[in-house]
Amino acid sequence: MYLYPENLTARPMLWLWTLRDVAWIGTGLLLSVLALTQTGSMIPLVITAALAFLCIRHGGISMLDFLRYAAAFFFFGQQYYVWRESA
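Since this is a predicted model, take the numbers as computed values, not measurements.

Thresholds, definitions, all that
Residues numbered from 1 in each chain as written. Predicted model: local features only at pLDDT ≥ 70, side-chain atom pairs only at ≥ 80, totals over all residues. Heavy atoms only, no water. Helix = DSSP H or I, 4+ residues; strand = E, 2+ residues; numbered from the N terminus. Buried < 20%, exposed > 50% of the residue type's maximum accessible area, 1.4 Å probe, protein only. Contact = heavy atoms within 4.5 Å. UniProt positions renumbered as here; feature names shortened; annotations may be inferred. Axes fitted to C-alpha atoms, helices over the stretch in contact; angles between N-to-C directions. Parallel < 35°, antiparallel > 145°, perpendicular 65-115°, else oblique. Left-handed = near helix turned anticlockwise from the far one by under 90°. Nonpolar A, V, L, I, M, F, W, Y, C, P; charged D, E, K, R; others polar.

Okay, the side chain of Ser-62 next. Within the secondary structure layout, Ser-62 lies in strand S5 (residues 61-62). By relative accessible area, Ser-62 is classed as buried at 5%. In this structure Ser-62 touches Leu-54, Cys-55, Ile-56 and Arg-57, once residues within four positions along its chain are discounted.

What follows is the structure, given as structure tokens:
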């Protein structure tokens, strides 16, 4: 079921994911099944399932977006503080 965005600027959604996320999840699932049949390792399948869970969007934001913003704020972004005495 394809849901058309209300305001034409929102990303198109397919169930709980954006179409870009569905493409990434589908590609990861295909490669994970290939790795499972060739090597017997379930690690890529678990990583793909975790990515699919983190990409679920609710209210316009996903848990993956929140983790990216938190990492940028706490680890990768420079924090600059100026202390001034109020006059």
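If you check UniProt for "transmembrane region" (unreviewed entry), the listed places come out as residues 22-54 in our numbering. Measuring from the first to the last C-alpha atom of residues 22-54 gives 12 Å, for a span that is 91% helix and 0% strand.

To continue, consider the packing of helix H1 (residues 19-39) against helix H2 (residues 43-54). The description of two helices packed together rests on the angle between their axes and the distance between the axes. Close contact between H1 and H2 brings their axes to 8 Å; oriented N to C, the two are set at 165°. The pairing of H1 with H2 is recorded here as roughly antiparallel in orientation. For the pair H1 and H2, the sense of crossing is left-handed. Each of Ile-25, Gly-28, Leu-29, Ser-32 and Ala-35 in H1 lies in contact with H2, whose residues at this interface are Pro-44, Leu-45, Thr-48 and Ala-52. When grouped by side-chain class, the residues that make up the contact of H1 with H2 number six nonpolar, three polar and no charged.

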